[in-house]
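Inside the fold
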Amino acid sequence: MTDKFILPRRRFLTGAAAGTGGLLLSGCDAIVQSPVAADMLDQVGGLNRRFQRAVSPREALAKEYRPGERSPLFRTNGNTFPDSAAYLRHMATNFADWSIPVTGLVARPLELSIERIRSLPQRSQITRHDCVEGWSAIGQWQGPQLGPILKMAGLSDKARYIVFRCADNFGDRPYYESIDLVDAFHPQTILAWQMNGERLPIGHGAPVRMRIERQLGYKQAKFVQGIEAVESLDGIYGGKGGYWEDVARYEWYAGI
Amino acid sequence: MDKEAESLPPGTVIKRHRLSTRVWHWVNFVTLIVMFMSGLMIFNAHPRLYWGQYGANPDPAWLEIGQRNGEGYLRIGEASVDTTGVLGVWTNDQGQRQAWAFPGWITIPSGYSLAEGRRWHLAFAWILGFGLLFYMLWSLANRHIARDLHIRKREWRPSHIWRDIRAHAKLRFDTGEPGTYNILQKFSYIGVIFIALPLMVLTGLTMSPQMDAGWGFLLDLFGGRQSARSIHFITCWALVAFFFVHIAMVILAGPLNELRSIITGRYRLPDRGETEERA
């Protein structure tokens, strides 16, 4: 064996050892940040959705709790105070003029006034809110179901997603979320305007927030000011179907 | 006792681990490291644990990792220990102090990202869950469970267990029956395959709101999502403990021979001197 051969090998071994050490120390970031890994991981959200839907009945209800099982204090999260001029004006009038247009792929677009939302047939449910961070809080929510509202608007056969547009924003990016029709027509998917028997507090999304009980907290859009039926999520802000999905790579499917 | 095996002279190379065991072992080696490190990243998003159906910042946590006035602490119940530098507060390689529960050198990714941690964790969860399921079924079919893991009546005798504990204390790990597991080995492998790993999978699923709707029994089984999260965390550290004891045993029992047997399946029977305790 010649020196010429040994030296590169020694260099290679040193390099490999340093590389391995570095890899371990950096938490395997070289692998973590590789495009191949990212492509692979991109498949997992869809896989989770298909599998979880396959092994649970389409209408399976999230557990509903007794009044005594509620959290003594239900913490707030995310945006807790939209400070736009328009929102402040609505706040001043106690949201009396708030209304939610139902638009997009519908035969009869609706303009749901807050009074209408409060007078439609109501569903009340005591459910657990599971944050993606790991904590849970239990509260009671009341409001009309989304399914009948979409039927009332004459949802087109082309529609595949329902998008919720919100009055709050992070910097110049408005919050929004989206769900597919399985969750849109789920009996526990409601436009909640009441929480624990009282008007929805500002911090929890006054005057109306979504409750989509089989998904994590970031799907529970607050300060809802628009509902839109679409065929595709492309072209809506970042195109990933939600604020956190666009900016922080959260999974669109938030059932796990 | 198998007369044929008993008569094999020391130094004989026998076939010890099946291909299915070897493949599953190394797949798990990678999978569990990724799941552990990405799991710690997820924990960092809310480093508090609760018992019951709900639990958030206003509720009492039985375990908490945090920082107060720049000093990191781990609190379990009433007991709190200063963990500055490792837990609660650590310094990254740019010299910046970070207020995370677990430091970046042990998380995936090393920079804070709950979303990426979850993506890695939930991707490898498929490998862990289905790998475990297939290994269990395969081991039932090829009689690995019946032949190697099944605890015989005589092994349940306290005197037998005590003798094995004493043998381990003297660093003698041989069973006297070539290529078989001793009782403490059986306990730990059964504990990992049939208790710890299934617990990880099931408590993991209990944290999924969709699974809780579909499989409501999960919440009843563990007493709530937050209890499941706590059990997930505790079982994780039981597996970490197993990992270190397992490696210590490999080193003490002859690392090259042990490694060869879990890579190629071939295992050299130890010298008589190492097994005379059994004679």
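Please refer to the structure placed before this passage.
A few points on the structure. Everything quoted here is computed from the prediction, not taken from an experiment. (Residues numbered from 1 in each chain as written. Chains lettered and ligands numbered in written order. Predicted model: local features only at pLDDT ≥ 70, side-chain atom pairs only at ≥ 80, totals over all residues. Heavy atoms only, no water.)

Another point: the overall build of chain A. Scanning chain A from terminus to terminus reveals 8 helices and 11 strands. Counting all 256 residues of chain A, 50% fall into the buried class. Considering only intrachain contacts with a sequence separation of at least 6, the fraction spanning at least 24 residues in chain A is 69%. As displayed, chain A has an accessible area near 12000 Å², and 56% of this comes from carbon and sulfur atoms. (Helix = DSSP H or I, 4+ residues; strand = E, 2+ residues; numbered from the N terminus. Buried < 20%, exposed > 50% of the residue type's maximum accessible area, 1.4 Å probe, protein only. Contact = heavy atoms within 4.5 Å. Areas by Shrake-Rupley, 256 points an atom, 1.4 Å probe, with all protein chains shown as cover.)

This part is about the environment of A:L150. Its location among the elements puts A:L150 in helix 6 (residues 146-152). Excluding anything up to four places from it in sequence, A:L150 contacts A:V102, A:L155, A:I162, A:A184 and A:F185.

Between chain B and chain A, the contact holds 39 residues from the first and 53 residues from the second. Between chain B and chain A, the buried area comes to about 3900 Å², and carbon and sulfur atoms account for 60% of it. Sorting the residues of chain B by area buried against chain A places B:R119, B:W126 and B:Q210 first, and these three jointly supply 19% of that buried surface. There are 5 salt bridges connecting chain B and chain A. Here A:D130 makes a salt bridge to B:R225, at a shortest N to O gap of 3.4 Å. Where chain B touches chain A, the interface holds 22 residue pairs in polar contact (both at pLDDT 80 or more). (Buried area = accessible area lost by both parts, 1.4 Å probe. Salt bridge = Lys/Arg side-chain N within 4 Å of Asp/Glu carboxyl O. Polar contact = N/O pair within 3.5 Å; in protein donor to acceptor, adjacent residues only side chain to side chain.)

On to the pairing of strand 5 (residues 161-170) of chain A. Residues and elements named next belong to chain A. Most of strand 5 sits inside the fold, with 7 of its 10 residues counted as buried. Relative to strand 6 (residues 173-180), strand 5 runs antiparallel, the two sharing 7 bridges. Following the sheet pairing, V163 is matched in strand 6 by S178. Linking two consecutive strands that pair antiparallel, namely strand 5 and strand 6, is a turn of 2 residues; a positive phi of about 60 degrees is found at G171 within it. Relative to strand 11 (residues 224-230), strand 5 runs antiparallel, the two being bridged by 6 bridges. Within strand 11, the position partnered with V163 by the bridge is E228. (Pairing = 2+ DSSP bridges.)

All names here are of chain B. An ideal rise of 1.5 Å per residue puts 16 Å on 12 residues; helix 5 (residues 158-169) measures up with 16 Å between its terminal C-alpha atoms. For helix 5, the complete set of buried residues consists of H160, I161, D164, A167 and H168. Buried residues of helix 5 fall within an arc of 120 degrees about the axis and therefore sit on the same side. Across from the buried face of helix 5, at angles greater than 90 degrees, the exposed residues are P158 and A169. Here the buried face of helix 5 lies against helix 6 (183-206) and helix 9 (225-253). Among the residues trailing helix 5, L171 stands out with phi positive, at a value near 60 degrees. (Expected span 1.5 Å × (residues − 1). Arc of directions from axis to C-beta.)

As a further point, take the nonpolar core. Membership of the largest hydrophobic core comes to 55 residues, with the highest contact counts inside it found for A:I100, A:L112, A:L146, A:I162, A:F164, A:L191 and A:I227. For this core, the element with the highest residue contribution is strand 5 of chain A, accounting for 4 residues. If we ignore the near neighbours within four places in the chain, the residues touching A:I100 are A:L110, A:E111, A:L112, A:I117, A:L191, A:V208, A:V224, A:Q225, A:G226 and A:I227. In terms of nonpolar packing, the next biggest core, distinct from the first, is built from 38 residues, A:V32, A:V44, B:I145 and B:M200 among them. (Core = buried A, V, L, I, M, F, W, Y, C linked by side-chain atoms within 4.5 Å.)

Moving on: a nonpolar patch on the surface. Residue and element names in this part refer to chain B. A contiguous nonpolar patch, built from W26, F29, V30, I33, L259 and I263 and spanning about 490 Å² of accessible area, is present on the exposed surface. Listed by contribution, the elements that provide at least two residues to the nonpolar patch are helix 2 (19-45) and helix 10 (255-263). As for its position among the elements, W26 is in helix 2. (Patch = residues over 30% accessible without salt bridge, like charges linked within 9 Å, V, L, I, M, F, W, Y side chains within 5 Å.)

Within the secondary structure, B:Q226 is located in helix 9. At a separation of 2.9 Å, a polar atom in the side chain of B:Q226 contacts the main-chain carbonyl oxygen of A:G134. With residues near it in sequence (within four places) discarded, B:Q226 still touches A:G134, A:W135, A:S136, B:Y50, B:G52, B:Q53, B:Y54 and B:G55.

Two quantities define a packed helix pair, namely the angle between the helix axes and the distance between the axes. All names here are of chain B. Where helix 2 meets helix 10, the closest approach of the two axes is 8 Å, and the angle between their N-to-C directions is 105 degrees. For the element pair helix 2 / helix 10, the angle class is roughly perpendicular. Touching R22, H25 and W26 of helix 2 are L259, S261, I262 and I263, all from helix 10. Among the residues forming the contact of helix 2 with helix 10, the class breakdown is 4 nonpolar, 2 polar and 1 charged. (Axes fitted to C-alpha atoms, helices over the stretch in contact; angles between N-to-C directions. Parallel < 35°, antiparallel > 145°, perpendicular 65-115°, else oblique. Nonpolar A, V, L, I, M, F, W, Y, C, P; charged D, E, K, R; others polar.)

Everything listed here is a matter of geometry and, on its own, says nothing about what the molecule does.
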